[in-house]
Amino acid sequence: MKKHVWIALFGLFGLLAVECQAQTLRWTSFEHLTDSLRKERRPVLVFIHTDWCTYCKMMELRTFADQQVVSKLHEKFYCVRLNAEDAQPITFLQRTYKFKPTGVKTGVHELAQVLGTENGKLSYPTTVFFDQYLQLQGRVVGALETKRLEKALDLFIENSMEVGNK
């Protein structure tokens, strides 16, 4: 019986050790983005989400937890999370955006509307890509599974390198 307990404990500690070694995605804020871009120019990924969005949570728990995605994002991008219902003003590209109430305890942040609206509609999650000079390159509406985001990152990196080499 003791032998089984020790084996179970070693297995548990082994799993915890592997879990601790896993990298988690480092998000930055719009507030710190300008400083980061001054140090090193990189493309920017903006993840527009809400606290109640199930697909947003799925992306955070699966897609943004995948080690290959995390590695690519750490190496090549700055990543910013934008809660579309956050009440704090955000300054981006020298303009301050605010929360716009739409009812009792409801509303949307102006920056989320500006960045995420496509065909007149803001959906969650939306992933927005900027180049290293903060020029909007595109957005993907809806949840991105790991392989789809990896493919989008690879295409973005490849196209950025082509533009940079011209």
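Structure's up top.
Residues numbered from 1 in each chain as written. Predicted model: local features only at pLDDT ≥ 70, side-chain atom pairs only at ≥ 80, totals over all residues. Heavy atoms only, no water.

Draft legend 1. Examining the sheet that holds strand β1 (residues 44-49) more closely. A sheet is described by the order of its strands in space; here four strands give the open sequence β2-β1-β7-β8, paired in mixed fashion. Single-partner strands in this sheet number two, and they are β2 (78-83) and β8 (136-141). Within this sheet the neighbouring strands show an average axis-to-axis angle of 20 degrees, counted without direction. Relative to β8, strand β7 (residues 126-130) is paired through five bridges, and the arrangement is antiparallel. In the sheet register, Phe 130 faces β8, and the bridge partner there is Leu 136. (Pairing = 2+ DSSP bridges. Helix = DSSP H or I, 4+ residues; strand = E, 2+ residues; numbered from the N terminus. Axes fitted to C-alpha atoms, helices over the stretch in contact; angles between N-to-C directions.)

Draft legend 2. View of helix α4 (residues 67-76). Regarding α4, the residues found buried are Val 69, Val 70, Leu 73 and His 74. Taken around the axis of α4, the buried residues stretch over an arc of 125 degrees, which confines them to a single face. Facing away from the buried side of α4, by more than 90 degrees, are the exposed residues Gln 68 and Glu 75. The distance from a side-chain oxygen at the start of α4 to the backbone nitrogen of Gln 68 is 3.1 Å, and the residue carrying that oxygen is Asp 66. (Buried < 20%, exposed > 50% of the residue type's maximum accessible area, 1.4 Å probe, protein only. Arc of directions from axis to C-beta. Polar contact = N/O pair within 3.5 Å; in protein donor to acceptor, adjacent residues only side chain to side chain.)

Draft legend 3. Inspection of the nonpolar core at higher detail. Formed by 21 residues in total, the largest nonpolar core has its most connected members in Phe 30, Leu 33, Val 44, Val 46, Leu 82, Phe 92 and Leu 115. Secondary structure elements with two or more residues in this core: α2 (30-39), β1, β2, β3 (90-92), α5 (110-116) and β7. If near-sequence neighbours (up to four positions away) are discounted, Leu 82 is found in contact with Phe 30, Val 46, Phe 47, Ile 48, His 49, Ile 90, Leu 111, Ala 112 and Leu 115. In this structure, Met 59, Phe 64, Phe 77 and Leu 149 belong to the second largest nonpolar core, which totals 19 residues. (Core = buried A, V, L, I, M, F, W, Y, C linked by side-chain atoms within 4.5 Å. Contact = heavy atoms within 4.5 Å.)

Draft legend 4. Local environment of the state of the cysteines. Under the definition given, this model contains one disulfide. Put simply, Cys 53 and Cys 56 are joined by a disulfide, and their sulfur atoms are 2.4 Å apart. Taking the sign of the S-S torsion, 85 degrees for the link of Cys 53 and Cys 56, the bridge is right-handed. The same class applies to Cys 53 as to Cys 56, namely buried. (Disulfide = S-S within 2.5 Å.)

Draft legend 5. Examining α2 more closely. Restricting attention to buried positions, one finds in α2 the residues Phe 30, Leu 33, Ser 36 and Leu 37. Down the axis of α2, the buried side of the element spans an arc of 95 degrees, and every buried residue falls inside it. Turned more than 90 degrees away from the buried face of α2, the exposed residues are Glu 31, Arg 38 and Lys 39. Against the buried residues of α2 lie β1, β2, β3 and α5.

None of the figures reported here should be taken as evidence of function without further support.
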